[in-house]
Amino acid sequence: MPKKFFKRYSPDPKRIRDTPGLGFLGARLQQPNLWHFNRHSISKAVAIGLFCTWLPFPFQSLFAATGALFFRANIAISVALVFITNPITIPPLFYFAYKLGNLVLGRKSMNASMEFNMHWITESLGQIWQPLFLGSFLLALFCSMLGYLTVQLLWRLNIRQRLKARASKRQRNT
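Reference entry: report on the structure contained in this document. (Residues numbered from 1 in each chain as written. Predicted model: local features only at pLDDT ≥ 70, side-chain atom pairs only at ≥ 80, totals over all residues. Heavy atoms only, no water.)

## Describing the overall build of the protein
Short version of the rule: By the criteria applied, helices consist of DSSP H or I runs no shorter than four residues and strands consist of E runs no shorter than two, each listed in order from the N terminus. The classification of residues rests on relative accessible area computed with a 1.4 Å probe and restricted to protein chains. Under 20% of the type maximum is buried, over 50% is exposed, and intermediate values are partly exposed. Any two residues whose heavy atoms approach within 4.5 Å are treated as being in contact.
Helix and strand counts for the protein stand at seven helices and zero strands. Counting from the amino terminus, the protein carries its helices and strands in the arrangement α-α-α-α-α-α-α. Burial analysis of the protein (174 residues in total) assigns 32% to the buried set. Within the protein, contacts between residues separated by at least 24 positions form 71% of all contacts whose residues are at least 6 apart in sequence.

## Here we look at helix H5 (residues 75-82)
Turn by turn, an α-helix covers 3.6 residues, leaving residues three or four places apart pointing in a common direction. As a reminder, the rule being used: Contacts described as polar in this section are N or O atom pairs within 3.5 Å, which, within protein, must combine one atom able to donate a hydrogen with one able to accept it, while residues neighboring in sequence count only if both atoms come from side chains.
Within H5 the residues assigned to the buried category are Ile75, Ala76, Ile77, Ser78 and Val82. Of the residues flanking the start of H5, the one acting as N-cap is Asn74, its side-chain oxygen 3.0 Å from the backbone nitrogen of Ala76.

## Structural notes on helix H4 (residues 60-71)
Test applied: Expected span, for any helix, means 1.5 Å times one less than how many residues it has.
With 12 residues, H4 extends 16 Å between its outermost C-alpha atoms, agreeing within 8% with the 16 Å of an ideal straight helix rising 1.5 Å per residue. Turning to H4, its buried residues number three or more, namely Gln60, Ala64, Ala65, Gly67, Ala68 and Leu69. Along its buried surface, H4 packs onto helix H3 (39-53), H5 and helix H6 (90-105). Phi turns positive, to about 55°, at Arg72, one or two residues after H4.

## Here's the deal with a nonpolar patch on the surface
This is how the line gets drawn: Patch definition: residues with relative accessible area over 30% and no salt bridge; like charges joined within 9 Å; nonpolar side chains (Val, Leu, Ile, Met, Phe, Trp, Tyr) joined within 5 Å. Accessible surface area values rest on a Shrake-Rupley calculation with a 1.4 Å probe, where residue burial reflects the displayed protein chains alone. Salt-bridge detection follows one rule: a side-chain nitrogen of Lys or Arg within 4 Å of a carboxyl oxygen of Asp or Glu.
On the surface, a cluster of nonpolar side chains totalling about 710 Å² of accessible area is made up of Phe57, Phe59, Leu62, Phe63, Leu125, Trp129 and Phe133. At the level of elements, H4 and helix H7 (118-173) are the ones that each hand at least two residues to the nonpolar patch. With three residues, the top contributor of residues to the nonpolar patch is H7. Within the secondary structure layout, Leu125 lies in helix H7.

## Examining the packing of aromatic side chains
Aromatic rings in a pair are described by how distant their centres are and how their planes are angled relative to each other. As a reminder of what qualifies: Any two of the Phe, Tyr and Trp rings considered here, Trp counted by its six-membered ring, make a pair once their centres fall within 6.5 Å; the pair's planes then place it as stacked at under 30 degrees, edge-to-face at over 60, or tilted in between.
This structure, assessed with the given rule, holds six aromatic pairs. Centroid distance Trp54 to Phe94: 6.4 Å. Interplanar angle 70°. Geometry classified as edge-to-face. In this pair, Trp54 is assigned in the loop between H3 and H4 and Phe94 in helix H6, connecting sequence segments 40 residues apart. The pair Trp54 / Phe94 is uniform in exposure class, with both members buried.

## Some points on the side chain of Ser78
Relative to the helices and strands, Ser78 is located in helix H5. One polar contact links the side chain of Ser78 to the main-chain carbonyl oxygen of Ile75, over a distance of 3.0 Å. Leave out the neighbours within four places in its chain, and Ser78 touches Ala45, Ile48, Gly49, Ala64 and Ala68.

## Observations concerning the environment of Arg39
Structurally, Arg39 can be placed in helix H3. Separated by 109 residues in sequence, Arg39 and Tyr148 place their C-alpha atoms 9.8 Å apart. Those residues in contact with Arg39, other than ones at most four positions away along the chain, are Val151, Gln152, Trp155 and Arg156. A polar atom in the side chain of Arg39 sits 2.9 Å from the side chain of Gln152.

## Focus: the nonpolar core
Our working rule: Buried Ala, Val, Leu, Ile, Met, Phe, Trp, Tyr and Cys residues that are joined via side-chain atoms within 4.5 Å together make up what is termed a nonpolar core.
Counting 28 residues, the largest nonpolar core has Ile42, Val46, Cys52, Trp54, Ile75, Ile77 and Ala97 as its most contacted members. Elements that contribute at least two residues to this core include exactly H3, H4, H5, H6 and H7.

## Description of the packing of H3 against H5
As a reminder of what qualifies: Simply put, an axis is a line fit to the C-alpha atoms, just over the touching stretch for a helix, and the angle between two N-to-C directions goes from 0 to 180 degrees. In what follows, roughly perpendicular refers to angles from 65 to 115 degrees, roughly parallel to angles under 35, roughly antiparallel to angles over 145, and oblique to any angle outside these ranges. Crossing handedness follows the turn of the near helix against the far one: under a right angle anticlockwise gives a left-handed crossing, and clockwise gives a right-handed one. In this count, Pro and Cys sit with the nonpolar residues alongside Ala, Val, Leu, Ile, Met, Phe, Trp and Tyr, while Asp, Glu, Lys and Arg are called charged and the others, Gly among them, polar.
As a packed pair, H3 and H5 sit with axes 7 Å apart at the nearest point and diverge in direction by 25°. One way to sum up the angle between H3 and H5 is to call them roughly parallel. The element H3 and its partner H5 pack so that their crossing is right-handed. Facing H3, whose interface residues are Ile42, Ala45, Val46, Ile48, Gly49, Leu50, Cys52 and Thr53, H5 presents Ile77, Ser78, Leu81 and Val82. Of the residues belonging to the contact of H3 with H5, the class tally is nine nonpolar, three polar and no charged.

This is the structure we're talking about:
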């Protein structure tokens, strides 16, 4: 995996530890896996970040950072993946989650036209919350497991490829 890429764009752990507002976390921010780029730390961070991406409420990055602290995953990766959901992608992603929730619950979608503004959401939340939360939860589980397994597989394939290249280089030199 491209460790140099991740390291180049990740925040400096010392600077984050020294941030005044994070002093209450103390020694929790000193755990090595929170900042290292190894297979286990990255794959857990991808799973946490993708899970939190599908949470249909605000402060997803706070949940991702808390999950990374709890599961000892890379904080930067888990928080960065949350930003898959942004003002442009939220409507289609959560509409898909709502449709999936309706499908699983055996319900029909609302007949009223959907509008993604606060007035419409507050008025129709009583009708859409169950399918939205169920669809979001199912997609969160699926995407997090898929992300975890994909990182594990790609990391192993990369290591295997590097070992083969090293062996062939050694063979050529002898």
